[in-house]
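One letter stands for each residue in the lines below.
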Amino acid sequence: MRKLLVAVAAAALALSACSSGGGAGGDGNVTITFWDNNGGPAREPIYKELISRFEAANPTIKVEYVGIPSASVQQKYDTAIAGGETPDVGGVTTSYLAHLVGQEALAPLDDRINGGALKDKLLPSLVETVRQTAPDGKLYIVPSSANMDIIWYRVDWFKDAGIEPPKTWDEFITAATKLTDTAANKYGYTIRGGAGSVFQLITEAYAYSGVDTFFKDGKSTLADQANAELVDKIADLYKKATPEADVNNSFTQMIAQFTGGSVAMMHHNLGSYSDVTKALGDKVAAIPLPVGPSGKRTVVPNPTDGFAVFKNSENQDAAWKFAEFLTSAESNSYWNEKVGQIPANTDVRSAAWIDKAAHVKMALGVLEDSATVLVPAPVYLPQYSSITKTDSEPQYQKVLLGELSAQQFLDDMAKKLTEAQKEWEDRK
């Protein structure tokens, strides 16, 4: 009987140990898995350093780092969710946040944020962007950093020409024209006409029009007449103040033209800081997208980066502790200084590196300005990517070539977005 009781007790202990799962050891130690949603040689060392710091401060928690290429991360998450093998913590952007929330894969973080060290420490504009992306308005990621569309410009060209950096779109058009000398292979601007072009064009259109919402009464505002005016203005620059090859430009070709020294202005975002400064040094600087006739500053935000705790995790407290650590002032400062993006933790605002990074300081000023209106694109729509890329990029090239009117181009895209929004609302 004694042998039987011992055997039963041993089996019970073994079952208990197995059911703890998620890497929890019998000695109280826990191992959690973290997926980097844009893994690669540039980011991995930064995360490895932060993980080392976290483990030193939390000796009972070990973090396994897994780098996932950004091009395949959404598919990887889908596969992991279907198989019940999600990570404990994962990098997630608002571009596919709603997709993951729709699968009930993420744990809401509102209570954890409001009850911890991050309460009132996150940039309100980023928090609002995250809330607007989730169908129920909850925070399923804690925002960590943001990007913003800007104009990179050649300081030396503007100085030599006696021109001030443009603050309005009319000044932008004038500067692009004046700084063009086709005989010398010098152009005032470079257009992104190929892959990735339409999102940039959308940010330009709303910056010009001042339209302050992407949908009104369920209908896309993209086809607003003022948005079409901007598309016409940009298309009119093609081949006059831009290289002819721009119609096929992806990011790679566009950045090559700008850093190669033949272009005065380029629209991209903070993410190209390393490329442009490595090539041009202090000859390059950044300004916000100009404002239009309304005088309002309207910004279509880039997807916000953040960290999610997966509902399937059996160590959610440890997972949250790591996510909270990554967005603490010290970690958030370290990360964003390395990658040149906008920190989400407002305590980083006073960090010394912010004053030295003029492009980040400028972008922060825009997002912190109470007069700035954010117009989030509906990246939560399942069809958004196919509508704005597969369907619309070839059509935009027709606009540049004079084969399609700007208004018709926007009308077609707006119709598809309106239909997609209605389907999404009906499902919600």
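Please read all numbers here as calculations on a predicted model, not as lab measurements. (Residues numbered from 1 in each chain as written. Predicted model: local features only at pLDDT ≥ 70, side-chain atom pairs only at ≥ 80, totals over all residues. Heavy atoms only, no water.)

Engineer: Whenever I open this one, the sheet that holds strand S3 (residues 89–93) confuses me. Can you help?
Structural biologist: Strand-to-strand pairing in sheets goes through backbone hydrogen bonds, with the strands running parallel or antiparallel. Read across the sheet, 6 strands follow the order S2-S1-S3-S11-S4-S12 without closing on themselves; strand pairing throughout is mixed. Of all the strands in the sheet, the pair left with one neighbour each is strand S2 (61–67) and strand S12 (342–343). Two elements, strand S1 (residues 30–36) and S3, share 2 bridges in a ladder whose sense is parallel. Across the sheet, residue Trp 35 finds its bridge partner in S3, namely Gly 90. With respect to the sheet, helix H14 (residues 329–339) is in contact with strand S4 (142–146) and S12, its orientation differing from that of S4 by roughly 30 degrees. (Pairing = 2+ DSSP bridges. Helix = DSSP H or I, 4+ residues; strand = E, 2+ residues; numbered from the N terminus. Contact = heavy atoms within 4.5 Å. Axes fitted to C-alpha atoms, helices over the stretch in contact; angles between N-to-C directions.)

Engineer: Got a minute to help me understand the environment of Glu 324 in this structure?
Structural biologist: Within the secondary structure, Glu 324 is located in helix H13 (residues 316–326). Sequence spacing of Glu 324 and Asn 249 is 75 residues, and the spatial spacing of their C-alpha atoms is 40 Å. Setting aside its immediate chain neighbours within four residues, Glu 324 contacts Gly 116, Ala 117 and Leu 118.

Engineer: Can you help me understand the sheet that holds strand S9 (residues 284–288) in this one?
Structural biologist: The 3 strands lie next to each other as S8-S5-S9, forming an open sheet whose pairing is antiparallel. Each edge of the sheet is formed by a strand with only one pairing partner; in this case those strands are strand S8 (265–269) and S9. Within this sheet the neighbouring strands show an average axis-to-axis angle of 35 degrees, counted without direction. Sheet topology note: the strand S5 (residues 149–154)/S8 ladder contains 5 bridges and is antiparallel. The residue of S8 that forms the bridge with Trp 152 is Met 266. The strands touched by helix H9 (residues 197–209) within the sheet are S5 and S8, with S8 carrying the most contacts at an inclination of about 100 degrees.

Engineer: Can you help me understand the domain arrangement of the protein in this one?
Structural biologist: Accessible area lost during the coming together of the parts is what is often quoted as the interface size. On domain assignment, one finds that the protein holds domain 1 (30–146 + 303–372) and domain 2 (149–300 + 381–426). On a C-alpha basis, the centres of domain 1 and domain 2 stand 29 Å from each other. Counting from both sides, the interface comprises 11 residues of domain 1 and, opposite them, 10 residues of domain 2. Here domain 1 meets domain 2 over a buried area of about 880 Å², counting both sides, of which 82% is carbon and sulfur. (Domains from an automatic or database assignment. Buried area = accessible area lost by both parts, 1.4 Å probe.)

Engineer: How should the packing of aromatic side chains be read in this particular structure?
Structural biologist: A complete count under the given rule lists 20 aromatic pairs for this structure. With 4.8 Å between their ring centres and 25 degrees between their planes, Tyr 47 and Trp 335 make a pair best called stacked. Residue Tyr 47 is located in helix H2 (residues 44–57), and its partner Trp 335 is located in helix H14; the two are separated by 288 residues in the primary sequence. For the pair Trp 169 and Phe 172, a centre-to-centre distance of 5.1 Å together with 70 degrees between the ring planes defines the contact as edge-to-face. Remark: Phe 172 and Trp 169 occur in helix H8 (residues 169–178); sequence separation between them is 3 residues, near one turn of the helix. One aromatic cluster in this structure is built from Phe 34, Tyr 47, Phe 54, Tyr 65, Phe 307, Phe 322, Phe 325 and Trp 335. Here Arg 53 stacks its cationic end above the ring of Tyr 334, 4.4 Å away from the centre of that ring. The ring of Trp 157 carries Lys 186 above its face, with NZ or CZ at 4.4 Å from the centroid. (Phe/Tyr/Trp six-rings, centres within 6.5 Å; stacked < 30°, edge-to-face > 60°. Lys NZ or Arg CZ within 6 Å of the ring centre and 35° of its normal.)

Engineer: Got a minute to help me understand the packing of H8 against helix H10 (residues 225–237) in this structure?
Structural biologist: The axes of two packed helices give the description: the angle between them and the distance between them. Taken N-terminus to C-terminus, the directions of H8 and H10 make an angle of 5 degrees; their axes are 11 Å apart at the nearest point. Looking at the two axes, H8 sits roughly parallel to H10. Counting all contacts with H8, which are made through Trp 169, Asp 170, Phe 172, Ile 173, Ala 176 and Thr 177, the residues of H10 involved are Leu 230, Lys 233, Ile 234 and Leu 237. Grouping the constituent residues of the contact of H8 with H10 by class yields 7 nonpolar, 1 polar and 2 charged. (Parallel < 35°, antiparallel > 145°, perpendicular 65-115°, else oblique. Nonpolar A, V, L, I, M, F, W, Y, C, P; charged D, E, K, R; others polar.)

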